[in-house]
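# Examination of the molecular architecture
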Amino acid sequence: MQTPTPLRIRISWPAGHLTAALDDTPTTQALAKVLPLVSTARTWGEEVYFDTGVAVPRETNARQVVHPGTVAFWTDGDALALPYGPTPISQGDECRLASPCNVLGRIDGDPRLLATVRAGDPVRVEFMDA
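A brief structural summary. (Residues numbered from 1 in each chain as written. Predicted model: local features only at pLDDT ≥ 70, side-chain atom pairs only at ≥ 80, totals over all residues. Heavy atoms only, no water.)

### Structural notes on the overall build of the chain
Across its full length, the chain carries one helix and ten strands. Reading the secondary structure of the chain in the N-to-C direction produces β-β-α-β-β-β-β-β-β-β-β. By the compact-globule yardstick of 14 Å for 130 residues, the chain fits well, its C-alpha radius of gyration being 14 Å. A principal-axis box enclosing the C-alpha atoms of the chain has dimensions of 40 × 35 × 25 Å. Here the chain holds 130 residues, and the buried ones make up 46% of them. Looking at the chain alone, contacts between residues at least 24 apart form 72% of all its contacts between residues at least 6 apart. Counting only carbon and sulfur atoms, one obtains 52% of the accessible surface of the chain, whose full area is about 6,600 Å². Side chains of the chain carry 11 positive and 15 negative charges; the gap between the two charge centres is 1 Å. (Helix = DSSP H or I, 4+ residues; strand = E, 2+ residues; numbered from the N terminus. Rg over C-alpha atoms; globule rule 2.2 N^0.38 Å. Buried < 20%, exposed > 50% of the residue type's maximum accessible area, 1.4 Å probe, protein only. Contact = heavy atoms within 4.5 Å. Areas by Shrake-Rupley, 256 points an atom, 1.4 Å probe, with all protein chains shown as cover. Lys, Arg positive; Asp, Glu negative; His and termini not counted. Charge placed at Lys NZ, Arg CZ, Asp CG, Glu CD.)

Structure, rendered in structure tokens:
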């Protein structure tokens, strides 16, 4: 049985960019239909999030506490959430999201690069060239 190839995306902002691998989930499929997308970054503690214009239900494996570098989808805000450290509601060093989010995949490399994103920055999400 062949494992589906993860969807590869690039997330860019004025000070840098990251790439990520997304698993094949219903939310990833809905997001893929609107790429490329440009949005405005918002920050919440050590998390960057931005509106996608995609509305999807919460999936059964949604989680509130995730690893740094998780690519999550905040269904309450129709937003991608990219935590790289503690948020205002974290306990200790954990990445605690505002509410349970659909887990889509992982950022490649060091998620702390997200610290260079400033609220109000334009953010672009697009497919990586295969």
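We are not done yet, so read on.
### Re the nonpolar core
Counting 25 residues, the largest nonpolar core has Ile11, Phe50, Val71, Leu80, Leu114 and Val125 as the members making the most contacts within it. Of all the secondary-structure elements, those providing two or more residues to this core are strand S1 (7–13), strand S2 (16–22), strand S5 (47–51), strand S7 (70–74), strand S8 (79–83), strand S9 (95–107) and strand S10 (122–127). Formed by nine residues, the second largest nonpolar core is a distinct cluster that contains Tyr49, Val66, Ala81 and Cys95. (Core = buried A, V, L, I, M, F, W, Y, C linked by side-chain atoms within 4.5 Å.)

### Comments concerning the packing of aromatic side chains
Counted according to the given criterion, the structure contains one aromatic pair. Seen from their ring centres, Tyr49 and Trp74 are 5.9 Å apart, and the 90° between their planes marks the pair as edge-to-face. Separated by 25 residues along the polypeptide, Tyr49 in strand S5 and Trp74 in strand S7 bring together distant segments of the chain. Given a relative accessible area of 16%, Tyr49 falls into the buried group. (Phe/Tyr/Trp six-rings, centres within 6.5 Å; stacked < 30°, edge-to-face > 60°.)

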